[in-house]
2 protein chains.
Amino acid sequence: MPTSRRVVLAARPDGIPQAEHFRIEAYEPADLKPGEILVRNQFLSVEPAMRGWVSAVANYAQPVGIGEVMRSFASGEVVASNHPGYAPGDRVTGMFGWQEMAVVPASAVSRKVTESDLPLSTSLGVLGLNGITAYFGLLDVGQPKPGDTVVVSTASGSVGSAVGQIAKIMGCRTVGIAGGKDKVRQCLEDFGYDAAIDYKAVNDIAAAVAKACPGGVDVYFDNTSGPISDAVLPNLAMGARVVICGTASISSWDPWPTGPRPERHLLVRRARMQGVLAFDYAHRYGEALARLAGWIRSGQLRYAEDILDGLEAAPDAIASLYRGDNRGKRLIRLHG
Amino acid sequence: MPTSRRVVLAARPDGIPQAEHFRIEAYEPADLKPGEILVRNQFLSVEPAMRGWVSAVANYAQPVGIGEVMRSFASGEVVASNHPGYAPGDRVTGMFGWQEMAVVPASAVSRKVTESDLPLSTSLGVLGLNGITAYFGLLDVGQPKPGDTVVVSTASGSVGSAVGQIAKIMGCRTVGIAGGKDKVRQCLEDFGYDAAIDYKAVNDIAAAVAKACPGGVDVYFDNTSGPISDAVLPNLAMGARVVICGTASISSWDPWPTGPRPERHLLVRRARMQGVLAFDYAHRYGEALARLAGWIRSGQLRYAEDILDGLEAAPDAIASLYRGDNRGKRLIRLHG
């Protein structure tokens, strides 16, 4: 095996992981044991959830250990296989870590990437968990009907931009909420929102939502919690659905943050709030991917990528994401 | 027409309406116009919502005017009719007001009471909006499955007691939350809850809920909002449903009260919170009433009534309700 390189966690961050919390090291990929495959990674994913994966605070999963390769979704090509289901040349996506060459059990593979006409990078974004989250969060939990007004927070993000466009495909009117002129422009020009609100530029977000949604908000797809949600909830239409997908604006849940009580809004509007996690829909990923790929091919679903080159870009990539530097799904490309 | 008596609003209360805000006066019922009926009321209803009906603050409906008869559900017998759908002797329930004799348009009638084997008083409680609210709130919004743990706040109240018993009928385990030994005893002995928590007697309501619900809370039927809800939400089971039926513990929504944010609970548990209002189910009242009446006849659904005698009891009856004096659906009986 040739010597390869990987990014390991060097120190546990207290907050957002910075470049100094990681270290790039050379390593010799181990020989394949039965059931394992060797993947040459072409794209590594960078996402907000990684902050939780290296945090000492309990989350959905055990934290990455000090000295261990950084946990990550990645996509690449099988170069050797000791598993009957995979052969060299297969394009795969899964939990392969921030490394050039990954020796992993076949169970680390999320799926074979069969959309050979579409860039492999999409398997980490619009044809990955971002798109799947948007699809099920909007359609299953949000249940939009033609003519509904759908409001999306982090509207130009990897999930939000897909939500807005799927809502348009479903015949809805879409209103995006994003921070800054650039993102608002992206919402309107790239992702086809009917209206977009720059929450950093308005004095009264609730008034801006009311103005943009004169008939009320039928579906609110929320990635933020916090002040943006507090501004949308008083504007719900009768029977509205609020999809709770993320809580990006809450920096810590200890101590637990407070906010205006939602109960009266839910009661007066007979509305509902409901959490969504893509993993719950694993048995229906195929359906989602087929439809998402179809919409990409027909030009109805656009996506933005923000690709950094080389493993050297990885250590700072999460911090950069939290600085808001990216303008699309943040990826790291290997083998240029 | 004989002279009759009614209770009118004498002054607009600032908060909970007291006896001095009402006045009993004699009046001469008017002659029936086309489409009107004359009802001799036998039972007048008293309920928490009446506070809103006399409040200057906008609510679901216009407030009762000064000098007008107090708005109220009531049940009685038709004694004269100028409408082809009603005949003397019909038992009816509807918005007949706090008065002995009511001249009302037929549109004021909610329904003819056809359960001739059951007391007419039930048409204002367990076979009225209370039971209907419990039925649709629990079954349609809460969607309990056999084996689920169902937690009910104001568990011994007119709505809550029906919720707990319907949940038992559906094969659920039921845990009631109520204030005081008396109500807890009522929960366990009269309404068959598997466990009951006296929220006034425990230091840590959340810990008490956790202990009573080792597998988590699958359905939370909430009539309170406030600290009781804040204690239940951290104990939700995966996929839990929270039914928002009332907000009794919130004394004012101006200024809007704050509380711990629910978003993370909803996300981590993929749970939902949803408001319910019985009026939305008007097209299905028949279904609910038939099943509720069946459960009463079979002894599976018990109800408590707290009946005051005579119109003189009406003016203080709402304040008394807010003092927690009642031990069942509060009614006023006329014509002894």
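Remember, predicted model here, so these are calculated numbers, not experimental data.

## Considerations on the domain arrangement of chain A
All names here are of chain A.
- For chain A, the assigned domains read domain 1 (4-125 + 304-333) and domain 2 (129-279).
- Inter-centroid distance (C-alpha atoms) of domain 1 to domain 2 is 29 Å.
- With eleven residues of domain 1 in contact, the opposing surface of domain 2 contributes ten residues.
- Arginine 327 is the salt-bridge partner of aspartate 182, the closest N and O atoms lying 3.0 Å from each other.
- The residue inventory of the side of domain 1 that touches domain 2, partitioned by class, reads four nonpolar, four polar and three charged.

## Structural notes on helix 2 (residues 129-142) of chain B
- Most of helix 2 of chain B is tucked away: twelve of the 14 residues are buried.
- Among all positions of helix 2 of chain B, only Asn130, Gly131, Ile132, Thr133, Ala134, Tyr135, Phe136, Gly137, Leu138, Leu139, Val141 and Gly142 of chain B are buried.

## Observations regarding the interface of chain A and chain B
- Tallying the contact residues gives 34 residues for chain A and 34 residues for chain B.
- Between chain A and chain B we count four salt bridges in total.
- Joining chain A to chain B, the criterion identifies 14 residue pairs in polar contact (both at pLDDT 80 or more).
- Of all the elements in the fold, those that place two or more residues in the side of chain A that touches chain B are helix 6 (227-232), strand 13 (258-260), helix 7 (263-268) and strand 14 (272-275) of chain A.
- Here the side of chain A that touches chain B gets six residues from one element, more than from any other, and that element is helix 7 of chain A.
- Residue composition of the side of chain A that touches chain B, by class: 17 nonpolar, ten polar and seven charged.
- Pairing of strand 14 of chain A with strand 14 (residues 272-275) of chain B involves three bridges; the strand directions are antiparallel. What sits directly across from arginine 272 of chain A, in strand 14 of chain B, is glutamine 274 of chain B.

Conventions adopted
Residues numbered from 1 in each chain as written. Chains lettered and ligands numbered in written order. Predicted model: local features only at pLDDT ≥ 70, side-chain atom pairs only at ≥ 80, totals over all residues. Heavy atoms only, no water. Domains from an automatic or database assignment. Contact = heavy atoms within 4.5 Å. Salt bridge = Lys/Arg side-chain N within 4 Å of Asp/Glu carboxyl O. Nonpolar A, V, L, I, M, F, W, Y, C, P; charged D, E, K, R; others polar. Buried < 20%, exposed > 50% of the residue type's maximum accessible area, 1.4 Å probe, protein only. Helix = DSSP H or I, 4+ residues; strand = E, 2+ residues; numbered from the N terminus. Polar contact = N/O pair within 3.5 Å; in protein donor to acceptor, adjacent residues only side chain to side chain. Pairing = 2+ DSSP bridges.

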